[in-house]
Amino acid sequence: MDIARTPTTPDGNPHLADAAPEPQQPPEILREDYTPFPWLVPTTHLEFELGVDTTRVIATLEVQRNSAAEPSRTIRLNGDGLELVELHCDDEDCLAHTLDGDDLIVTLEGERHTLRIVTELNPSDNSQLMGLYASNGMLCTQCEAEGFRRITFFPDRPDVLSTYTVRMKGPKAQFPILLSNGNKTDSGEEGESHWAEWHDPWPKPSYLFALVAGDLVARSDRFITMSGRDVELNVWVREGDLPRTEHAMESLKRSMKWDEETFGREYDLDLFNIVAVSDFNMGAMENKGLNVFNTKYVLADPETATDGDFDAVEGVIGHEYFHNWSGNRITCRDWFQLSLKEGFTVLRDQLFSQDMGSAPVKRIEDVRILRGVQFPEDSGPLAHPIRPDSYREISNFYTSTVYNKGAEVIRMMRTLANFGADEDAFRQGTDTYFDTHDGEAATCEDFVSSIERGTGLDLKQFRLWYSQAGTPRVEIAQSHEGNVAALRLKQHVPATPGQPDKNPMPIPLRIALFDRETGRHWGEHLVVLDTAEKEVRFEGFSQSPVLSINRGFSAPVTIKRDIAREDLLFLAAKDDDPFARYEAMQDLMVDHHVAAVSGNLDDDGIEAGRADICAALSAVIADDTLDDLMRGELLSMPNQTYVMEQFDKADPERIHEAREALKAAIGTRLSSELHQAYARAEKLPFSHSAEAKGARKLKTLILGYAAAGDPDKAAELAAHQYEHADNMTDRQGALMTLAGLDTVERTNALLDFYNRYQDNALVIDKWFALQASSPHPNAIEHVKALAEHPDFTLKNPNRVRSLYMPFAANPPAFHSADGEGYRMISDLILELDPLNPQTAARFVPPLGRWRRIEPGRAALMRAELQRIADASKLSRDTYEQVTRSLG
Ligand code: TRP
Ligand code: ZN
């Protein structure tokens, strides 16, 4: 799509670009090359004549010289696939311009000028879903990061802030609702057509511009802010979806209140609109006053959404709302600073969700995502610091590293500031940041130095967390002599692409030392490991204590230590830090996998390991101090990707076998306890209470163990749960179990589910996902058949992801020894790339893990990457990911 176009001049002559063939190697952009833009754009006026097949855009830009930048005789206006229809400068036809690739360069002699640019777009032809596109008959925009340049020529960079006025006009019947940023200032009708004018008083970068036109209805409400501003709230959806918007609206109001109470941040417009769109590349977008959401993160009711979906809606609504301050009021100077807004906003949404539900369980979920997605990224060919130093396509850097590790890095500053303090010193840091940089396009450095000033911390060495990639490894050796317990700590930051040597970073570790006799400890310590090696000593221990370390996951590192199994069992039973207790349980199971796969265990060793694990799980089932949400976490097996990460070169098949064997052993040995727990959980009627959610989580977890231990019994139980379900959590949980079994119940339930929810795209996505993630031995064949299903389409990113993401994360299927899984993913990438490069490129990382997989499969994975690289017309997105992955 973005390939081999021929830009034309206003008189229609081909110009410049047809002389130069599309470069195979897109240029590398470097952080150190940043320079301010030579021009300011105080105001931007946009006029849209809307049509699904043709939209005309008239942009009027006031530009003036930026005295803070190097002067320039020209202004570079970025474009991407645009057709220039007219160009005027100060009301004259402008001849002094050239096209440089996709960009428009205009020569400007004076201090101030007015540019008028006319472009014409075809939204229905826009399958990339960047810029202005049609979705289900409505028109909407996505401009982050560089989508605005697909609408009009503009300095499309986040440090150019402008005040926008938007006027749009279109057929009333087709587009009864016309929305943009800020407030509606005027509207009117002209025959069949109508128009609206919107004005956003807050200067913003182009990536925060949004426009929506379509046949939408709203759930409306209001929120009175802390200073008494009366804000109108709307959640806009297609008519039939209105009943599923209540949770989104409630989540929005809770977010607004929470940000006032927790960060002192108040909303700053009289209107806040959310629009749900079914074709969307990501989760949602924080456009000023007009957030645009993937329907997946708006629509929820108990019949069609799981408890996990409800939590995700709340989290994403919070995330986008919190961007109003961390992202919009203070934006990024350049895209290398992306973690400034994303890392901080992820931390804010995590803390919000912690406060709205179970804080320990939310923390465990967040760590699971970090370790399941970010750790593999950090140990592979795509590793980069949370503030990258270079990129070819910025869309590739909306990564788990920038988002999730970015959040962990800020969380560490919070721990350093607040540990042991009575007051919230971190809040003083964030207040300083908001006060100092409000209205600016800022850098990560601005953030860190604000936190320093506000909290009094010295973060000089801490800044390494922004520049060094790789997950630090901390080795711990424990000793005891007399009444002194000593810890020897060593850190190692592994080499990553372009960074062979690293410096020691400050690693804040919350620890506790437990007395074996009493099962208690005398308070937590914060040990900051800020050198390659360090020894810390604690007095007053007549015998060696049990060490609980990295409590609450205070640092995003891996811990290596020789810990006796009895100590892990002690912590799994007694640790008062919920995360550390979960961790001990996971370690027990992970260590067992590693030992079993490495062939270090004879039958007796395997038997002893299983016996210990089952005893610990059994104690968890019986522990009545736990709620079921937390009990569910403690009973969960480590996911296979995480286990695979423990190996230098993983053998997915052997790991899968070891995992299934352990699961079956648990299912068999604990059968009666698990079924008793199931019977107890089954009695609870449906509600959104933590108790009822916990019961549902437990039921599905138990079905999983039962399926491994006694498949026939499990099929019966799951079929019963499926048939009697009065909510999607139970129904999907049961179907998930059935989908992995070779029974008639499987076929019946899958058919029933499809027929029942045929008209609900989000539920049909689950139907695809369930089958693609299934441990069923024929999963590969199922995925192939599903790709031919009439409901499958490459045009809808949710649908593509629902089939192929779970598949790529399903080790026995994806890592099929004949390489068929790899082939399917590379075929997908090649077919999707011309349509939607952003989504296509997101399927490259699973193939990029080849260095960490046993040699036979690694060669097959590499060969598939090479096949993609050899294709003739790759997008920048896929090209960059594939070449980095090949290394
Ligand atoms: N800023 C958005 C968020 O995290 C991310 C986003 C939405 C995005 N749509 C995008 C990023 C398209 C790149 C491309 O909240
Ligand atoms: Zn975000």
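Residue indices follow the written sequence of each chain, beginning from 1 at its first position. Labels follow written order: the first chain is A, the first ligand is 1, and so on. Local features are withheld for residues below a pLDDT of 70 in this predicted model, meaning they are given only at 70 or higher, and side-chain atom pairs are given and counted only at 80 or more; totals for whole chains, interfaces and linings count all residues. As a rule here, side-chain values cover all heavy atoms of the structure and leave hydrogens and water aside.

Quick word on helix α14 (residues 652–669)
Then, number 1: To qualify as a helix, a DSSP run of H or I must reach at least 4 residues; to qualify as a strand, a run of E must reach at least 2; elements of each kind are numbered from the N terminus. How far a helix is expected to stretch is found by multiplying one less than its residue total by 1.5 Å. Helix length check: α14, at 18 residues, gives a terminal C-alpha distance of 26 Å against a target of 26 Å (1.5 Å per residue), a fit within 8%.
Then, number 2: A 1.4 Å probe rolled over the protein chains alone gives each residue an accessible area, and that area as a share of the maximum for its type sets the label: buried under 20%, exposed over 50%, partly exposed in between. Turning to α14, its buried residues are P652, I655, H656, A658, R659, L662, K663, A665, I666 and G667.

Quick notes on the sheet that holds strand β2 (residues 39–49)
Then, number 1: Taken in spatial order, the eight strands line up as β6-β5-β9-β3-β2-β12-β15-β14 in an open sheet, and their pairing is mixed. If you trace the sheet from one side to the other, it starts and ends with β6 (92–93) and β14 (183–190), each paired once.
Then, number 2: Strands are labelled as partners when DSSP assigns at least two bridges between them. One ladder, built from nine bridges, connects β2 with strand β3 (residues 55–65); its direction is antiparallel. Paired with L46 across the bridge in β3 is A59.

Things to note about the sheet that holds strand β30 (residues 546–549)
Then, number 1: Spatial strand order, β28-β27-β30: three strands in an open sheet with antiparallel pairing. Edge positions in the open sheet fall to β28 (525–529) and β30, since each of these has one partner strand only. Across the sheet, the axes of successive neighbouring strands diverge by a mean angle of 35 degrees, strand direction being ignored.
Then, number 2: As defined by bridge partners, strand β27 (residues 507–514) adjoins β28 across five bridges and the pair is classed as antiparallel. Looking at β28, one finds that P508 is bridged to V528.
Then, number 3: In what follows, a contact means two residues having at least one pair of non-hydrogen atoms within 4.5 Å. The axes are straight lines fitted to the C-alpha atoms, using for helices just the contacting stretch, and the angles between their N-to-C directions are given from 0 to 180°. Of the strands in this sheet, β27 and β30 touch helix α9 (residues 565–574), which is tilted by about 60 degrees from β30.

Overview of the coordination of the zinc ion (ligand 2)
Then, number 1: At this site the zinc ion (ligand 2) is bound by H319 (NE2), H323 (NE2), E342 (OE) and E342 (OE), with donor distances of 1.9 to 2.8 Å.
Then, number 2: Metal sites are built from N, O and S donor atoms within 2.8 Å, or 3.2 Å for Na, K and Ca, and they leave out water, so they may look incomplete. Note on geometry labels: four donors, all angles 85 to 135 degrees, give tetrahedral; four donors become square planar and six octahedral when opposite donors are over 155 degrees apart and every other angle is between 65 and 115; remaining cases are irregular. Its six donor atoms give the zinc ion (ligand 2) angles of 47 to 160 degrees at the centre, a pattern that matches the irregular case.
Then, number 3: Donor residues binding the zinc ion (ligand 2) come from one chain and are separated in sequence as H-x3-H-x18-E. Across the pair, exposure class does not vary: H319 and H323 are buried alike.

A short note on the side chain of Q640
Then, number 1: With respect to the helices and strands, Q640 occurs in helix α13 (residues 640–645).
Then, number 2: When neighbours within four sequence positions are excluded, Q640 is seen to be in contact with P652, I655, H656, R659, P811 and P812.

Some words on the site of ligand 1
Then, number 1: A cutoff of 4 Å decides nearness: a residue is near a molecule or strand if any of its heavy atoms lies inside that distance of it. Neighbouring residues of ligand 1: 14 residues in total, closest E144, A284, E286, E320 and Y403.
Then, number 2: Identification of polar contacts relies on pairs of N or O atoms within 3.5 Å, with a donor-acceptor requirement for protein atoms, meaning one able to donate a hydrogen and the other able to accept it, and with residues adjacent in sequence counted only if both atoms are side-chain atoms. In this structure, E342 approaches ligand 1 through a side-chain N or O atom, which is 3.1 Å from a nitrogen atom.
Then, number 3: Taking Y403, its side chain carries an N or O atom lying 2.6 Å from an oxygen atom of ligand 1.
Then, number 4: At the level of secondary structure, the elements contributing two or more residues to the shell around ligand 1 comprise β20 (284–285), α2 (307–322) and α3 (338–356).

Concerning the confidence of the model for the protein chain
Then, number 1: Taken as a whole, the protein chain shows an average pLDDT of 96; of its residues, 97% reach a score of 70 or greater.
Then, number 2: Confidence of the predictor at the level of single residues is captured by pLDDT, which takes values from 0 to 100. Note that residues 1–23 has pLDDT below 50 and, in this model, 38 contacts with residues that lie over four places away or in other chains.

Notes on helix α12 (residues 628–635)
Then, number 1: Of all the eight residues making up α12, eight are buried; the element is thus mostly covered by neighbouring parts of the structure.
Then, number 2: Along α12, the residues classified as buried are D628, L629, M630, R631, G632, E633, L634 and L635.
Then, number 3: Taken together, the buried residues of α12 touch α4 (359–378), α10 (578–597), α11 (603–622), α15 (671–682) and α16 (690–709).

Notes on the pattern of salt bridges
Then, number 1: Salt bridges are identified by distance alone: a Lys or Arg side-chain nitrogen within 4 Å of an Asp or Glu carboxyl oxygen. One pass over the full model with this rule turns up 70 salt bridges.
Then, number 2: Note that K341 and E286 form a salt bridge whose closest N and O atoms lie 2.7 Å from each other. Separated by 55 residues along the polypeptide, K341 in helix α3 and E286 in the loop between β20 and β21 (290–294) bring together distant segments of the chain.
Then, number 3: Note on K341: relative accessible area 1%, which makes it buried.
Then, number 4: One salt bridge connects E653 with R857, and the closest N-O pair in it is separated by 2.7 Å. On the criterion of sequence distance, the pair formed by E653 in helix α14 and R857 in helix α27 (residues 855–869) is long-range, its members being 204 residues apart.

Details of the side chain of N836
Then, number 1: Structurally, the position occupied by N836 is in the loop between α24 (820–832) and α25 (837–841).
Then, number 2: Judged by relative accessible area, which is 3%, N836 ranks as buried.
Then, number 3: Engagement of the side chain of N836 in a polar contact is seen with the backbone nitrogen of T839, the distance being 3.1 Å.
Then, number 4: When near neighbours in sequence (up to four residues on either side) are disregarded, N836 contacts S127, Q128, L129, N281 and P797.

Quick look at the pairing of strand β7 (residues 97–100)
Then, number 1: Of the two faces of β7, only the one carrying H97 and L99 is buried; T98 and D100 on the other face are not.
Then, number 2: In sequence, β7 turns back onto strand β8 (residues 103–107) through a hairpin of two residues, with G101 there showing a positive phi of about 65 degrees.

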